[in-house]
Amino acid sequence: QVHLVESGGGRVQPGESLRLSCAASGSGETISAADWYRQAPGKQRELVAAISSGGSTNYADSVKGRFTISRDNAKNTVYLQMNSLKHDDTAVYYCHAVVVMAFRLPQQYWGQGTQVTVSS
């Protein structure tokens, strides 16, 4: 089964930056549309950022101006650049993507999640 592998999480101080990566696991795969979600303890899952197959992006108001979603087609990887991190950004971050493969219909996949902790 194709899956998405996330990396880049960790612990940082407020105001610092992290870049999360979400990579398709096999060759011959292309990520089209993709999203980043996060879930903090005691809260419901929240959509943070999205990128369409055409490259247009949308962001939650809470992260607009600080986070940037991007896609590298050559590496089959989606990124979330997170700047000026705040305590409220602490959560498990999940990527979600539509993956296109030869001779197959597009399929949706979830990454395993990566912890981001912002603490002083």
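Residues numbered from 1 in each chain as written. Predicted model: local features only at pLDDT ≥ 70, side-chain atom pairs only at ≥ 80, totals over all residues. Heavy atoms only, no water.

Draft legend 1. Just the nonpolar core, in detail. Counting residues in hydrophobic clusters, the biggest one holds 30 residues, and the most contacted among them are Leu4, Ile31, Trp36, Phe67, Leu80, Met82 and Tyr93. Elements represented by at least two residues in this core include exactly strand 3 (18-24), strand 4 (29-39), strand 5 (46-51), strand 7 (67-72), strand 8 (77-82), strand 9 (91-101) and strand 11 (114-118). Counting residues per element, this core draws most heavily on strand 9, which supplies six residues. Apart from residues no more than four positions distant in its own chain, leucine 80 is found in contact with Leu18, Arg19, Leu20, Trp36, Ala49, Phe67, Thr68, Ile69 and Tyr93. (Core = buried A, V, L, I, M, F, W, Y, C linked by side-chain atoms within 4.5 Å. Buried < 20%, exposed > 50% of the residue type's maximum accessible area, 1.4 Å probe, protein only. Helix = DSSP H or I, 4+ residues; strand = E, 2+ residues; numbered from the N terminus. Contact = heavy atoms within 4.5 Å.)

Draft legend 2. Looking closely at the sheet that holds strand 8. Reading across the sheet, the four strands line up as 1-3-8-7 and stay open at both edges, with antiparallel pairing between neighbours. Across the chains shown, the open sheet's two edge strands, defined by having one partner strand only, are strand 1 (4-7) and strand 7. Here the strands of the sheet are splayed against their neighbours by 15 degrees on average, with no regard to which way each runs. Pairing geometry for strand 3 and strand 8, over six bridges, is antiparallel. (Pairing = 2+ DSSP bridges. Axes fitted to C-alpha atoms, helices over the stretch in contact; angles between N-to-C directions.)

Draft legend 3. Looking closely at the pattern of salt bridges. Counted by the stated rule, this structure contains four salt bridges. As a salt-bridge pair, glutamate 46 and arginine 38 come within 2.9 Å of each other at their nearest N and O atoms. Arginine 38 sits in the buried class, given a relative accessible area of 7%. Between arginine 38 and aspartate 89 there is a salt bridge, and its shortest N-O distance comes to 2.9 Å. In this pair, arginine 38 sits in strand 4 while aspartate 89 sits in the loop between strand 8 and strand 9, placing the two residues 51 residues apart along the sequence. (Salt bridge = Lys/Arg side-chain N within 4 Å of Asp/Glu carboxyl O.)

Draft legend 4. Layout of unusual backbone geometry. Notably, serine 84 is not glycine yet its phi reads approximately 50 degrees, a positive angle. Structurally, serine 84 can be placed in the loop between strand 8 and strand 9. For serine 84, a relative accessible area of 39% translates into the label partly exposed. At phenylalanine 103, a position not held by glycine, the phi torsion is positive, near 65 degrees. Within the element layout of this structure, phenylalanine 103 appears in the loop between strand 9 and strand 10 (107-110). Owing to a relative accessible area of 87%, phenylalanine 103 belongs among the exposed residues under this scheme.

Draft legend 5. Seen up close, the state of the cysteines. Using the criterion set out here, one finds one disulfide in the structure. Two residues share a disulfide in this structure: cysteine 22 and cysteine 95, whose sulfurs sit 1.9 Å from each other. For the disulfide bridge between cysteine 22 and cysteine 95, the dihedral angle about the S-S bond is near 60 degrees, and by the sign convention the bridge is right-handed. Linking cysteine 22 in strand 3 with cysteine 95 in strand 9, this pair joins segments that are 73 residues apart in sequence. In this structure cysteine 95 comes out as buried when scored by relative accessible area, which is 1%. (Disulfide = S-S within 2.5 Å.)

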